[in-house]
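In case you want the letters, here they are:
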Amino acid sequence: MSLKHKNEKKGLKKILLMGNPNVGKSVIFSRLTGANVICSNYPGTTVDFTKGIMRIKGERANVIDVPGTCSLEPVNKAEEVAVKMLKEGDIIINVVDATNFERNLYLTIELLEQNIRVIVALNMWDDVKHKGINIDVKELEKMLNVPIIPTVAVTGEGIKTLVSRLDEAKSPDVKPKSEEEKWIEIGEIVKKVQTVKHRHHTFSERISDATVKPVTGIPIAIIVLFLVFQFIITIGNFVIEEILDPFFCNYYGPWITGIVSSFAPSGTLHDILVGQFVEGELDFAQSFGLLTTGLYVPFVMVLPFVTLFYLMLGLLEDVGYLPRIAVLVDTIFHRLGLHGSAIVSVMLGLGCNVPGALSTRILETRKQRFISATLLAICVPCMAQTAMIFGILGRYGAGYIMIVFSTLILLYLLLGFIMKKLIKGESPELFMEIPPYRKPSLTALMKKTWMRVRSFLVEAVPFVILGVFIVNILYISGAIDILGNIFAPVLVGWLGLPKEAAGALIVGFLRKDVAVGMLLPLGLSPMQLVVASTMLAIYFPCIATFVVLIRELGVKDMIKSCIIMLSVALIVGGALRLILLGV
Amino acid sequence: MDLSKLKPGKIARIVGLEGGHGFKRNLRIKGIKEGKNIKIIARQPVGGPLVVEVEGMQTVIGRGMARKIFVEEL
Ligand SMILES: Nc1nc2c(ncn2[C@@H]2O[C@H](COP(=O)(O)OP(=O)(O)O)[C@@H](O)[C@H]2O)c(=O)[nH]1
């Protein structure tokens, strides 16, 4: 046995957080570890496990936030992950939603049969009272024969007790029961320990009803999404036009050109750092210097929209609105071989395709995951790309932007409809709990937004700068001409674009936002810009998404998916050329 | 009668589930269980899913699945 392996075996104790989806595991996880993790009010958002370290009485232990699962017989990939991880744990903290006590008990009973030490956190204890539920914790502890600790994860109530009683976790000696026997046992437990007072619908429940009834729900959804969109656009443009752009143009630009000119007044180094001047002036969008465009694109053109988008997405998530949207769009998504939950990968994907691709795991079958991942890669531009499309097309009028996005939406529907027919496999129906609306916590929302923005800053911005660097290399080395000639038949002959657009196609593998930005200096007509930006969205995912998709779909399916992407790009590109450019 | 025929706003008692083991378990762990009262909150058009409520918890369920849940109107 290798040393490393031995250490791992002997190493830190593993504590697994397990429970049904959306019971508050992620919040408990961050309470235990102090780590920031993203929680949301959508069943199944923890699709991948998160690891952290906690201290129990001075001793360090590994804590793992396992994806939510309702039973140890998994129905989707996220649940499979959960069941596989069970074997590795030393202690299980079974998080139970006290307001849904009865249905949560099934997993608990299953866990108790597993010959592993269990302790139960009876979470959402604050909501229990509002709902007129009463649970006799002492009696429950006696019946299950493991420690039961009521907790309110969001305020931290009960977490200390949970930690201090961790080593009381035990594996009660129970003989395995059949499923029917389990349900009988659950019935008996519930009868003995839980009383529910009848009460009327609360205000938030009436709103909840209105948002899922089609007659009221659909208009509400349209208004909500419209307001969200308006908010992002208005505030985003304001911040760019009134604050960031003036700062860059009036202060940063002259300062940085001054510094660079002092040691490299002209020549290659100057061009790489501050870029080519346009009509004798620095143009932040077009000069393509590392210190000019390389910073202007991520920080001025993209960051405001990314931040606002994540703020809004986080709000919709935390309030619990996303599952309602899933209900309303389910009928349409069913025609695409998917079901309503696929909207989650679209919404996340509009921020960044990587989490969008990961979230396809909440779908049950291979067919659904294939369709939603392929549609994501083809038809859902990330916020960075969207911001750039707005940036370069906005100046010619909103109509052009509309053409790009209408094309993508239409393509999503059409392609989904075709794939549903052609791809073998099952498309099960939507079956999901709809969590109650919750008042979002401002600090949690800010923290979540910051974590997502930070991951953009840390994981995307360096690649944007690298992208700009590659653009420089392409031009300085003359590779752009060679590539241009190679791609000319497609670009010029088929799409009606100049052959220099080849550079954008290449850089698009790395970063779509930089690629869209590269279109600007080419002097394209607005319609050519429409064709080119649509192509950049469709033809291939960026490298980060590509890597995740290979992992999620497997190599074979990913090859299939790529073939679909490239052929769709060619067909749609040709069609757009005919329709929009008329040549 | 099966659940898909229950009118929105009406309450019924679940009397039986039809289908394989996995399917039944899946329903029961989401609270849709024999003996429980169930209410239709909303019904999406053109064969879309139903939003149902059992013991205060709402669940969305496809029309096809709803046809395998048998209820008696109260
Ligand atoms: N009222 C209340 N809400 C909670 C509690 N714990 C978690 N939540 C909320 O429940 C939702 C789901 O929590 P999350 O940790 O993402 O669930 P997970 O899917 O089990 O990881 C979030 O909106 C939390 O803010 C609690 O004890 N009381």
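Residues numbered from 1 in each chain as written. Chains lettered and ligands numbered in written order. Predicted model: local features only at pLDDT ≥ 70, side-chain atom pairs only at ≥ 80, totals over all residues. Heavy atoms only, no water.

1. Some points on the overall build of chain A
Part 1: Scanning chain A for helices and strands turns up 26 helices and nine strands.
Part 2: Relative to the 2.2 N^0.38 estimate, which gives 25 Å for 583 residues, the radius of gyration of chain A is 27 Å and therefore close to what a compact globule would have.
Part 3: When its C-alpha atoms are laid out on the principal axes, chain A stretches across 80 × 55 × 55 Å.
Part 4: Each of the 583 residues in chain A was classed as buried or not, and the buried ones make up 56%.
Part 5: For chain A, the exposed surface amounts to about 25,500 Å²; the carbon and sulfur share of it is 65%.
Part 6: Charge separation in chain A, taken as the distance between the mean sites of 56 positive and 49 negative side-chain charges, equals 4 Å. (Helix = DSSP H or I, 4+ residues; strand = E, 2+ residues; numbered from the N terminus. Rg over C-alpha atoms; globule rule 2.2 N^0.38 Å. Buried < 20%, exposed > 50% of the residue type's maximum accessible area, 1.4 Å probe, protein only. Areas by Shrake-Rupley, 256 points an atom, 1.4 Å probe, with all protein chains shown as cover. Lys, Arg positive; Asp, Glu negative; His and termini not counted. Charge placed at Lys NZ, Arg CZ, Asp CG, Glu CD.)

2. Quick word on the overall build of chain B
Part 1: The secondary structure content of chain B amounts to two helices and five strands.
Part 2: The order of helices and strands in chain B, counted from the N terminus, is β-α-β-β-β-α-β.
Part 3: Rg of the C-alpha trace for chain B: 11 Å, near the compact-globule value of 11 Å for 74 residues, within the 12% margin.
Part 4: Counting across all 74 residues of chain B, residues that qualify as buried make up 57%.
Part 5: For chain B, long-range pairs separated by at least 24 residues make up 55% of all intrachain contacts whose partners lie at least 6 apart in sequence.
Part 6: Looking at chain B as shown, the accessible area adds up to about 3,000 Å², and 52% of this sits on carbon and sulfur atoms.
Part 7: Both charge centroids of chain B, one from 15 positive and one from 7 negative side chains, sit 4 Å from each other. (Contact = heavy atoms within 4.5 Å.)

3. Describing the packing of helix α25 (residues 543-553) of chain A against helix α26 (residues 555-581) of chain A
Residues and elements named next belong to chain A.
Part 1: Relative to each other, α25 and α26 sit at 125°, their axes nearing to 7 Å. By the criterion of interaxial angle, the relationship of α25 to α26 is oblique. Considering only the axes of α25 and α26, their crossing is right-handed. The residues of α26 that touch α25, namely those facing Phe546, Leu549, Ile550 and Leu553, are Val555, Asp557, Met558, Ser561 and Cys562.
Part 2: Looking at the contact of α25 with α26, its residues break down into seven nonpolar, one polar and one charged. (Axes fitted to C-alpha atoms, helices over the stretch in contact; angles between N-to-C directions. Parallel < 35°, antiparallel > 145°, perpendicular 65-115°, else oblique. Left-handed = near helix turned anticlockwise from the far one by under 90°. Nonpolar A, V, L, I, M, F, W, Y, C, P; charged D, E, K, R; others polar.)

4. With respect to the nonpolar core
Residue and element names in this part refer to chain A.
Part 1: Counting 134 residues, the largest nonpolar core has Val302, Leu338, Tyr412 and Ile538 as the members making the most contacts within it.
Part 2: When residues of this core are assigned to their parent elements, the largest contribution, 15 residues, is made by helix α12 (residues 293-319).
Part 3: Every residue in contact with tyrosine 412, bar those within four places of it in the chain, is listed here: Phe333, Leu336, Leu338, Val346, Leu375, Cys379 and Val380.
Part 4: Leu16, Leu86, Leu122 and Leu144 belong to the second-largest nonpolar core, a separate cluster that totals 40 residues. (Core = buried A, V, L, I, M, F, W, Y, C linked by side-chain atoms within 4.5 Å.)

5. Thoughts on the pairing of strand β2 (residues 37-43) of chain B
Residues and elements named next belong to chain B.
Part 1: Pairing of strand β1 (residues 11-17) with β2 involves three bridges; the strand directions are antiparallel. Among the inter-strand pairings, isoleucine 11 is bridged to a residue of β2, identified as lysine 39.
Part 2: When β2 meets strand β3 (residues 50-54), the two strands line up antiparallel, connected through four bridges. Residue pairing in the sheet places arginine 43 in a bridge with leucine 50 of β3.
Part 3: Hairpin connection of β2 to β3: six residues between the antiparallel strands, including valine 46 at a positive phi of 40°. (Pairing = 2+ DSSP bridges.)

6. Some words on the sheet that holds β2 of chain B
Part 1: With respect to topology, six strands assemble into an open sheet ordered β9(A)-β4(B)-β3(B)-β2(B)-β1(B)-β5(B), the strand pairing being antiparallel. Each having just a single partner strand, β9 (431-434) of chain A together with β5 (69-73) of chain B make up the two edges of the open sheet. With direction set aside, neighbouring strand axes in the sheet form an average angle of 40°.
Part 2: Along the sheet, helix α9 (residues 203-212) of chain A contacts β9 of chain A together with β2, β3 and β4 (57-61) of chain B; its crossing angle with β2 of chain B, the most-contacted strand, is approximately 50°.
Part 3: Of the strands in this sheet, β9 of chain A together with β3 and β4 of chain B are in contact with helix α13 (residues 322-334) of chain A, which crosses β9 of chain A at around 140°.

7. Structural notes on the domain arrangement of chain A
Part 1: As far as domains go, chain A holds domain 1 (11-200) and domain 2 (211-256 + 280-581).
Part 2: A straight line from the C-alpha centre of domain 1 of chain A to that of domain 2 of chain A covers 37 Å. (Domains from an automatic or database assignment.)

8. Examining the side chain of asparagine 20 of chain A
All names here are of chain A.
Part 1: Locating asparagine 20 in the fold gives a position in the loop between β1 (13-19) and α2 (25-33).
Part 2: For asparagine 20, a relative accessible area of 3% gives the class buried.
Part 3: Residue contacts for asparagine 20: discarding those within four places in its chain leaves Lys25, Gly68, Thr69, Cys70, Val95, Arg103, Asn104 and Leu107.

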